[in-house]
Amino acid sequence: MLTTLQNAFKTKEIRMKLLFVLVGVIIVRIGCNIPIPGVNSGVIQELFNQNQSLGFLDVMTGGSFSRMSIFALNITPYITASIILQLLTIAIPRLEEMQKDGEDGRKKINEYTRYLSIVLAIIEGVAMIIGFRNQNLFENGYTSMIVAVAALTAGAAFMMWLGEQITEKGVGNGISIILLVNIVARIPSDLASLYNTYIKGAGNITNAIVAGVIIVGIIVAMFVFIVFLQDGERKIPVQYAKKIQGRKVAGGQSTHIPLKVNTAGVIPVIFASSMMSLPVVIASFAGITPRSGADASLLEKLLKVCNQSDWCDISSWGEFKYTLGLVVYIALVIFFAYFYTSVTFNPLEISNNMKKQGGFVPGIRPGKPTTDYLTTVLNSIIFIGAIGMVIVCVFPIFFSGAFGANVSFSGTSLIIVVGVIIETLKQIESLVLVRHYKGFLGN
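Reading the values: rules and limits
- Residues numbered from 1 in each chain as written.
- Predicted model: local features only at pLDDT ≥ 70, side-chain atom pairs only at ≥ 80, totals over all residues.
- Heavy atoms only, no water.
- Helix = DSSP H or I, 4+ residues; strand = E, 2+ residues; numbered from the N terminus.
- Buried < 20%, exposed > 50% of the residue type's maximum accessible area, 1.4 Å probe, protein only.
- Contact = heavy atoms within 4.5 Å.
- Areas by Shrake-Rupley, 256 points an atom, 1.4 Å probe, with all protein chains shown as cover.
- Pairing = 2+ DSSP bridges.
- 1 Å grid on protein atoms, 1.4 Å probe; cavity = no way out; pocket = protein on both sides within 12 Å on 5 of 7 lines; lining within 4 Å.
- Points joined across faces, edges and corners; volume = space filled by probe spheres on them.
- Nonpolar A, V, L, I, M, F, W, Y, C, P; charged D, E, K, R; others polar.
- Polar contact = N/O pair within 3.5 Å; in protein donor to acceptor, adjacent residues only side chain to side chain.
- Core = buried A, V, L, I, M, F, W, Y, C linked by side-chain atoms within 4.5 Å.
- Salt bridge = Lys/Arg side-chain N within 4 Å of Asp/Glu carboxyl O.
- Phe/Tyr/Trp six-rings, centres within 6.5 Å; stacked < 30°, edge-to-face > 60°.
- Expected span 1.5 Å × (residues − 1).
- Arc of directions from axis to C-beta.

1. Considering the overall build of the protein
- When its secondary structure is counted, the protein shows 17 helices and 7 strands.
- Taking all 443 residues of the protein together, the buried fraction comes to 42%.
- Long-range pairs, those at least 24 residues apart, make up 71% of the contacts in the protein between residues at least 6 apart in sequence.
- A total of about 23,500 Å² of accessible surface is found on the protein, and carbon and sulfur atoms cover 64% of it.

2. Brief notes about the sheet that holds strand β4 (residues 254-260)
- Spatially, the 3 strands line up as an open sheet ordered β4-β1-β7, and their pairing is antiparallel. The open sheet has two edge strands with one neighbour each: β4 and β7 (359-360).
- When strand β1 (residues 233-240) meets β4, the two strands line up antiparallel, connected through 7 bridges. When the sheet's bridge partners are listed, Gln 239 is paired in β4 with Ser 254.

3. Quick word on the layout of surface pockets
- In this model, the largest pocket occupies a volume close to 1,700 Å³.
- Along its surface, the largest pocket is lined by 47 residues, and Gln 86, Asn 173, Ser 176, Ile 267 and Tyr 340 are the ones closest to its centre.
- Among the elements that take part in the lining of the largest pocket, helix α17 (residues 411-441) stands out by supplying 9 residues, more than any other.
- In terms of residue class, the lining of the largest pocket is built from 21 nonpolar, 19 polar and 7 charged.

4. Some details on the side chain of Asn 182
- By secondary structure assignment, the location of Asn 182 is in helix α10 (residues 174-199).
- On the accessibility criterion, Asn 182 (0% relative accessible area) is buried.
- Within the structure, Asn 182 has its side chain in polar contact with the side chain of Asn 74 (distance 2.7 Å).

5. Notes on the nonpolar core
- Core analysis: the largest hydrophobic core is formed by 64 residues, its most contacted members being Ile 236, Leu 259, Val 269, Tyr 329, Met 389, Ile 415 and Ile 416.
- Examining the composition of this core, we find that 12 residues originate from one element, helix α16 (residues 368-403), more than from any other.
- Residues contacting Ile 416, with those up to four places away along its chain left out, are Met 60, Leu 179, Ile 183, Val 266 and Ile 270.
- Within the second largest apolar cluster, 16 residues are counted, among which are Phe 65, Met 68, Met 128 and Met 145.

6. Observations concerning the environment of Gln 230
- Within the secondary structure, Gln 230 is located in helix α11 (residues 205-231).
- The spatial distance from the C-alpha of Gln 230 to the C-alpha of Lys 260 is 7.6 Å, given a sequence separation of 30 residues.
- If near-sequence neighbours (up to four positions away) are discounted, Gln 230 is found in contact with Lys 260, Asn 262, Ile 415, Val 418, Gly 419 and Ile 422.
- In terms of polar contacts, Gln 230 uses its side chain to reach the side chain of Asn 262, at 2.6 Å.

7. Topic: the pattern of salt bridges
- If you walk through the whole model with that rule in mind, you get 4 salt bridges.
- Among the ionic pairs, Lys 426 bridges to Asp 231, the shortest N-O distance being 3.8 Å. Residue Lys 426 is found in helix α17, and its partner Asp 231 is found in helix α11; the two are separated by 195 residues along the sequence.
- Exposure remark for Lys 426: the relative accessible area of 41% places this residue in the partly exposed category.
- Residue Asp 231 is classed as partly exposed on the basis of its relative accessible area of 38%.
- One salt bridge in this structure joins Asp 372 and Lys 368, with 2.9 Å as the shortest N-O distance. Of this pair, Asp 372 and Lys 368 both sit in helix α16, separated by 4 residues, roughly a single helical turn.

8. Re the environment of Pro 37
- In this structure, Pro 37 sits in the loop between α2 (12-31) and α3 (41-50).
- Each C-alpha atom, one on Pro 37 and one on Met 145, is 9.3 Å from the other, the two residues being 108 residues apart in sequence.

9. Side note on the packing of aromatic side chains
- Under the criterion given, the structure shown has 4 aromatic pairs.
- Aromatic pair Phe 158 and Trp 161: ring centres 5.8 Å apart, planes at 35 degrees, arrangement tilted. Here the residue Phe 158 and the residue Trp 161 both occupy positions in helix α9 (residues 142-169), the gap between them amounting to 3 residues, near one helical turn.
- Since its relative accessible area comes to 45%, Trp 161 is described here as partly exposed.
- In textbook terms, an aromatic cluster arises when at least three aromatic residues are bridged by ring pairs, as seen for Phe 71, Phe 158 and Trp 161.

10. Focus on empty space enclosed by the protein
- For the structure shown, the criterion picks out 1 cavity of 30 Å³ or more.
- Forming the walls of the largest cavity are Asn 74, Pro 77, Tyr 78, Ser 117, Ile 118, Ala 121, Ala 156, Ala 157 and Met 160.
- Among the elements of the structure, α6 (76-91), α8 (102-134) and α9 are those that each provide at least two residues to the lining of the largest cavity.
- Residues that form the lining of the largest cavity fall into these classes: 7 nonpolar, 2 polar and no charged.

11. Considerations on α2
- A rise of 1.5 Å per residue sets the reference length of α2, with its 20 residues, at 28 Å; its end C-alpha atoms lie 29 Å apart and thus fit the reference within 8%.
- If you check which residues of α2 are buried, you get Ile 14, Lys 17, Leu 18, Val 21, Gly 24, Val 28 and Gly 31. All buried residues of α2 fall inside an arc of 145 degrees around its axis, so they share one side. Away from the buried face of α2 by more than 90 degrees, exposed residues Lys 12 and Ile 30 are located.

12. Topic: the side chain of Thr 113
- Along the chain, Thr 113 turns up in helix α8.
- The buried category is assigned to Thr 113, whose relative accessible area is 4%.
- Look past the residues within four positions of Thr 113 in its chain and what remains in contact with it is Tyr 78, Ala 81, Ser 82 and Leu 85.

Encoded structure:
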């Protein structure tokens, strides 16, 4: 990795791309600290500190949500719009045709995604401002509301444009890099909180050293586990039949179909976390406080189940008690892992393409047997990847409940960070190799 970065900085073209990404990151961080007019940022910060479910949204926006900055919506409308359009390609045949129509079709879908992002930003901005006004956290008056919604929408549109510019003129996927920066921006404060709680407040040097080693060991182990989870894949061997064309023999080569263990990436975790957080977020904006006990309504009991701070109940040190919220969360992660993979990977289409090109899996007949074989292997891999994601997501919840280690970088955040870093480094490495070959060829 260090060698790749060193070689990248030696090349002017790649160095300028990296500099462009750096400038974009600086702009993002500056905008995340500019508040919109009419909001009491201090009071809203207290609201976020009291509600852990709102903290998930704050992490995805790099702390700009709790500050109510002009980038409070950040790239969440664009991500939501992208997911919606991707799911609609299955339900709407016209969108499915566009997706298969090459570069022109993808450009049209990207255009629809931008329009939908603006619509979602307006809806989210209006709902957010009305919710804060109902709790007396925002100034009354339609003028201030319109200004605030316009600022939030403009901020979301600018972030979407900046992400596309980074993709085009920089290195890596711009939207993913912005999301990475938002998450990483919260890590230093979390590490400082862990240091003050467990090392500085340990009482003696021995306990401080033990606590430090445990904290570092857990963080490193989590990152290593995620790297293996993200890079793990099952290679399905494919053999192509030899064809005689005139006097020449074509084909006959061997290749493979790479099936990633974590086929759905971080999408299942984001979907599950969003669904568990949404009822609590709506209740927070509406001023509803969930209660426990026999007097609690059905809505209040549902909110207690969805509230992330109640996912694990520690009655004594080291005792971990599963609750309904945690069980539902795990079930949602596994469900969305299968669902999203079925949307993005079609074994029947892969099998038909192989058959048309004269390819086959050794020992498996072309056609339906190949489709069934790919489906069986894929289902096994999805389950392994989903269990891996569940482990990554449950670990922070367990330590938060068992030891009070309230940090923002949860399993979702760690998977995003590792995935984006790996993909960006791979793109930098490919740029370095292309530049090397160009130089070798004398271009």
